[in-house]
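Residue strings, one per chain:
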Amino acid sequence: MNGGAPARGVAGPRHLPRYEAGMDFGAVLRETQGGRELPPPPAFAEPAADLAEGARRALYEVADPEFPISIVDLGLVRGVEADEETGAVTVHLTFTATACPCMDFIEWDVRQRLLEMDGIRHVEIVTGWDPPWTTAAISARGRKLLRSVGVVT
């Protein structure tokens, strides 16, 4: 596994705009997605209950390299655990295929985003294949985002 930069030829991180309570996320996404009307992420009216929830919310900002959709909405994030005391976060991921060419990039991007957060000092990524990913894992918001760019799910 590549712990440093992404594989050669891969651009830097593709974070979606950072979500903050009260912001017009739709306007930000329309601006960054060429004016297309896109739905906002789930509302986070209350502060995150703990480090794991905060990390999971941050992963909405990590975009799939091939589509303008977060890895959470795509259904790649299977779980997030955190140890508040040590600042260690474990992210359980899956990918759309075992030969996905973007695996190293996505893992690198997840690490980079989470290590920007206060309180997180170490990120471990566990890849799992059971059950295998299917389009059923895509969230309703993810389906809207994909349809907005012409991808039928």
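Parameters and conventions
Residues numbered from 1 in each chain as written. Predicted model: local features only at pLDDT ≥ 70, side-chain atom pairs only at ≥ 80, totals over all residues. Heavy atoms only, no water. Buried < 20%, exposed > 50% of the residue type's maximum accessible area, 1.4 Å probe, protein only. Helix = DSSP H or I, 4+ residues; strand = E, 2+ residues; numbered from the N terminus. Arc of directions from axis to C-beta. Salt bridge = Lys/Arg side-chain N within 4 Å of Asp/Glu carboxyl O. Pairing = 2+ DSSP bridges. Axes fitted to C-alpha atoms, helices over the stretch in contact; angles between N-to-C directions. Contact = heavy atoms within 4.5 Å. Phe/Tyr/Trp six-rings, centres within 6.5 Å; stacked < 30°, edge-to-face > 60°. Patch = residues over 30% accessible without salt bridge, like charges linked within 9 Å, V, L, I, M, F, W, Y side chains within 5 Å. Areas by Shrake-Rupley, 256 points an atom, 1.4 Å probe, with all protein chains shown as cover. Lys, Arg positive; Asp, Glu negative; His and termini not counted. Charge placed at Lys NZ, Arg CZ, Asp CG, Glu CD. Core = buried A, V, L, I, M, F, W, Y, C linked by side-chain atoms within 4.5 Å.

Undergrad: Could you clarify how one ought to interpret helix H4 (residues 140-148) in this entry?
TA: Residue pairs three or four apart in sequence face the same way in an α-helix, which turns once every 3.6 residues. Every buried residue of H4 is listed here: Arg141, Gly142, Leu145 and Leu146. Seen from one end, H4 has its buried residues packed into an arc of 135°, which puts them on one side. Gly150 lies just past H4 and shows a positive phi near 90°.

Undergrad: I keep staring at the pattern of salt bridges and nothing clicks. Help me out?
TA: Between side chains of opposite charge, pairing is possible as soon as their charged atoms come close. Under the definition given, this model contains 4 salt bridges. Of the charged contacts in the structure, one is a salt bridge between Asp73 and Arg141, with a shortest N-O distance of 2.1 Å. With a gap of 68 residues between them, Asp73 in the loop between helix H2 (51-58) and strand S1 (77-83) and Arg141 in helix H4 connect regions that are remote in the sequence. Accessibility expressed as a relative area gives 11% for Arg141, which makes it buried. Through salt bridges with shared partners, a single network forms among Glu61, Arg113 and Glu116.

Undergrad: I tried to follow the sheet that holds strand S3 (residues 122-127) on my own but got confused; where do I start?
TA: Consider a sheet: its strands pair through backbone hydrogen bonds, and that pairing is either parallel or antiparallel. One open sheet accounts for 3 strands, arranged S1-S2-S3; its pairing is mixed. Both edges of this open sheet fall to S1 and S3, since each of them pairs with a single strand only. The sheet shows a mean angle of 15° between the axes of neighbouring strands, direction not considered. Contacts from H2 reach S1 and strand S2 (88-93) within the one sheet, and its direction differs from that of S1 by about 140°. Its contacts with the sheet put helix H3 (residues 103-115) on S2 and S3, and the angle it makes with S3 is roughly 150°.

Undergrad: What's the story with the environment of Arg113 in this structure? I'm lost.
TA: Position of Arg113 relative to the elements: it lies in helix H3. Along the backbone, Arg113 and Ala55 are 58 residues apart, and their C-alpha atoms lie at a distance of 8.9 Å.

Undergrad: I keep staring at the packing of aromatic side chains and nothing clicks. Help me out?
TA: The geometry of an aromatic ring pair comes down to the distance between the two centres and the angle between the two planes. Summed over all chains, the structure comprises 2 aromatic pairs. Their ring planes at 45° and their centres at 6.2 Å tell us that Phe95 and Trp129 sit as a pair that is tilted. Linking Phe95 in the loop between S2 and H3 with Trp129 in the loop between S3 and H4, this pair joins segments that are 34 residues apart in sequence. A residue is classified by how much of its surface remains accessible, and Phe95, at 1% relative accessible area, is buried.

Undergrad: Got a minute to help me understand a negative patch on the surface in this structure?
TA: On the surface, a cluster of negative charge is made up of Asp50, Asp83, Glu84 and Glu85. Mapping Asp83 onto the fold places it in strand S1.

Undergrad: Before we go on, may I ask you to explain the nonpolar core in this structure?
TA: Ranked by size, the top nonpolar core spans 34 residues in total, and within it Leu59, Ile71, Leu93, Ile106, Val110 and Leu114 carry the most contacts. A total of 6 residues in this core trace back to one element, the largest contributor, which is H3. Dropping the residues within four chain positions of it, Leu93 is found in contact with Ile71, Leu76, Val77, Arg78, Ile106, Glu107, Val110, Ile125, Val126, Thr127 and Gly128.

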